[in-house]
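Structural overview
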Amino acid sequence: MKSVKVLGSGCRNCVTTARLIEERAGALGVPVEVDKVTDVAAIMGYGVMRTPGVVVDGTVVHAGGVPAAAAVDTWLKG
């Protein structure tokens, strides 16, 4: 199971990013656990300065704006 964290305040882009990850995981048949991290100190701990940020299995893979579906597919397959 992939562990995915969406880092952000809960803004529209953060919600859209979390939903996109869940949708792509379902389409690919990849089990995921998506956690939303809204604590500023925790977000800064990952070194993310722009949200939404995405962390997959402990590695920051994205920061700032909604990611492309193709990028999400790559993260989930990797």
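Just so it is clear, the model here is predicted, and its values are computed rather than measured. (Residues numbered from 1 in each chain as written. Predicted model: local features only at pLDDT ≥ 70, side-chain atom pairs only at ≥ 80, totals over all residues. Heavy atoms only, no water.)

**Re the sheet that holds strand E2 (residues 32–37)**
We count it as follows: Note on pairing: two strands pair once DSSP finds at least 2 bridges between them. Labels follow the DSSP assignment, with helices taken as runs of H or I lasting at least four residues and strands as runs of E lasting at least two, numbered in each case from the N terminus. Only C-alpha atoms enter the line fits that serve as axes; for helices the fit covers just the stretch in contact. Angles between N-to-C directions range over 0 to 180 degrees. Any two residues having at least one pair of non-hydrogen atoms within 4.5 Å are treated as being in contact.
On the basis of which strands lie adjacent, the open sheet formed by four strands has the order E2-E1-E3-E4 and mixed pairing. Since the sheet does not close on itself, it has two edges, and those belong to E2 and strand E4 (59–63), each with one partner. Taken pair by pair, the neighbouring strands of this sheet meet at an average axis angle of 20°, ignoring direction. Direction of pairing for strand E1 (residues 2–7) relative to E2: parallel, over a ladder of six bridges. Note that in E2 the partner of Ser3 across the bridge is Glu33. Each of E1, E2 and strand E3 (53–56) is contacted by helix H1 (residues 12–28), which is oriented at about 160° to E1, the strand it contacts most. Sheet contacts for helix H3 (residues 69–77): E1, E2, E3 and E4; angle to E1, the most-contacted strand, approximately 140°.

**A short note on unusual backbone geometry**
Residues apart from glycine generally show negative phi values, whereas peptide bonds are mostly found in trans. Test applied: Burial classes: relative accessible area under 20% of the type maximum marks a residue as buried, over 50% as exposed, and values in between as partly exposed (1.4 Å probe, protein chains only).
Thr51 connects to Pro52 through a cis peptide bond whose omega is 0°. Relative to the elements of secondary structure, Pro52 occurs in the loop between helix H2 (40–45) and E3. A positive phi is found at Asp57, a non-glycine position, where the angle reads about 50°. Inspection of the secondary structure puts Asp57 in the loop between E3 and E4. Its relative accessible area of 43% is what places Asp57 among the partly exposed residues.

**Here's the deal with the environment of Gly47**
Within the secondary structure layout, Gly47 lies in the loop between H2 and E3. Relative accessible area serves as the criterion here: at 52%, Gly47 is assigned to the exposed category. As a C-alpha pair, Gly47 and Thr59 span twelve residues in sequence and 11 Å in three-dimensional space.

Honestly, it's all geometry; don't read function into it.
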